[in-house]
Amino acid sequence: VRTPLESIQEFQVLTSMYDAEFGRASGAVVNAVTKTGTNQFKGVVFGYLSNNAWISEDYFVRTRNLTKPTTEKREWGGVIGGPIIRNKAHFFFSLERQVDNPNRTRVFDSRPDLDFSIAEDRTNWNTLVRFDHQINANHSWAVRWQREWAPQWYTIGTRQTLDSYQDETDLDQTAVATLTSVLGN
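Residues numbered from 1 in each chain as written. Predicted model: local features only at pLDDT ≥ 70, side-chain atom pairs only at ≥ 80, totals over all residues. Heavy atoms only, no water.

Engineer: Would you mind going over the overall build of the protein chain with me for this structure?
Structural biologist: The helix and strand tally for the protein chain stands at 1 helix and 11 strands. Along the chain direction, N to C, the helices and strands of the protein chain fall in the order β-β-β-α-β-β-β-β-β-β-β-β. For the protein chain, the C-alpha radius of gyration of 23 Å lies well beyond 16 Å, the compact-globule estimate for 185 residues. Expressed along its principal axes, the backbone C-alpha trace of the protein chain runs to roughly 75 × 40 × 25 Å. Out of the 185 residues in the protein chain, the part that is buried amounts to 29%. (Helix = DSSP H or I, 4+ residues; strand = E, 2+ residues; numbered from the N terminus. Rg over C-alpha atoms; globule rule 2.2 N^0.38 Å. Buried < 20%, exposed > 50% of the residue type's maximum accessible area, 1.4 Å probe, protein only.)

Shown next as structure tokens:
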């Protein structure tokens, strides 16, 4: 599950010499720490738009006289966090929406009648909910639930013909619960 960008407090990229806590990892290890609520209500709202009018035709659409597909990218969302019980319990909520319609053009020199250009329909909803509770000075617990629902239609992928659309809808979820105890100095 992809962590919503605005809900990340800090991240760490490890490329070698891993500690034992990462097991037998190969390649890179990426740690992302999510934000938590605080004693003050805080939030962020964001938005991004890349309109079809601002995107030029690709080379093959121009040279093969194909119809330019409607491509665009929209992202919006926000986060909010705050106290439930001051100095004891806090919440954090994040919602992110992405709509991405990239252009996919395929040309066939030996069969120009099969040339096409379409816009794929890739979208997702990404939600993160976190609750933290400080039991006392030595004990705290937290729970986090994250969900990404990403329906994708008319994706071409490695297929080459216009009639080979595929649907790639994903629903990914994670739930994490932690208990932190300090047993002594």
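Engineer: What's the story with the packing of aromatic side chains in this structure? I'm lost.
Structural biologist: Centre distance and the angle of the planes are the two values used to describe a pair of aromatic rings. Taken as a whole and assessed by the stated rule, the structure comprises 4 aromatic pairs. Relative to Phe 91, the ring of Phe 41 has its centre 6.2 Å away and its plane inclined at 55°; by these criteria the two rings are tilted. Of this pair, Phe 41 sits in the loop between β2 (29-34) and β3 (42-50) while Phe 91 sits in strand β5 (residues 89-101), and the two are 50 residues apart along the sequence. Phe 41 gets classed as exposed once you look at its relative accessible area, which sits at 58%. On the basis of relative accessibility, which here comes to 22%, the residue Phe 91 falls in the partly exposed class. (Phe/Tyr/Trp six-rings, centres within 6.5 Å; stacked < 30°, edge-to-face > 60°.)

Engineer: Where do I start with the pairing of strand β8 (residues 121-134) in this structure?
Structural biologist: When a strand is regular, its side chains alternate between the sheet's two faces. Bridge count between β5 and β8: 12 bridges; the pairing is antiparallel. Bridge assignment links Ala 89 to a residue of β8, and that residue is His 133. As paired elements, β8 and strand β9 (residues 139-150) share 10 bridges and run antiparallel to each other. When the sheet's bridge partners are listed, His 133 is paired in β9 with Trp 141. From the end of β8 to the start of β9, which pair antiparallel, there are 4 residues. (Pairing = 2+ DSSP bridges.)

Engineer: Can you walk me through unusual backbone geometry in this structure?
Structural biologist: Note: most residues except glycine have negative phi, and most peptide bonds are trans. You will see that Asn 65, though not glycine, has its phi angle at about 60°, which is positive. By the element assignment, Asn 65 lies in the loop between α1 (59-63) and β4 (72-85). With phi around 65°, Asn 87 is a residue other than glycine that occupies positive phi space. Tracing the backbone through its elements, the reader meets Asn 87 in the loop between β4 and β5.

Engineer: Is there a simple way to explain the pattern of salt bridges in this structure?
Structural biologist: Under the criterion given, the structure shown has 12 salt bridges. Between Arg 2 and Glu 148 there is a salt bridge, with the nearest N and O atoms lying 3.5 Å from each other. Here Arg 2 is found in the segment before β1 (8-14), whereas its partner Glu 148 is found in strand β9, with 146 residues between them in sequence. Under the relative-accessibility criterion, Arg 2 is labelled partly exposed at 28%. In this structure, Glu 120 and Arg 122 form a salt bridge, with 3.7 Å as the shortest nitrogen-oxygen distance. (Salt bridge = Lys/Arg side-chain N within 4 Å of Asp/Glu carboxyl O.)

Engineer: Explanation requested: the environment of Ala 53 in the structure shown.
Structural biologist: Along the chain, Ala 53 turns up in the loop between β3 and α1. Sequence separation between Ala 53 and Thr 70 is 17 residues; the distance between their C-alpha atoms is 8.8 Å.

Engineer: Would you take a moment to explain the side chain of Ser 94 for this structure?
Structural biologist: With respect to the helices and strands, the residue Ser 94 is situated in strand β5. Judged by its relative accessible area of 1%, Ser 94 is buried. Filtering out sequence-adjacent residues up to four positions away, Ser 94 remains in contact with Pro 4, Ser 7, Gly 78, Val 79, Asn 126, Thr 127 and Leu 128. (Contact = heavy atoms within 4.5 Å.)

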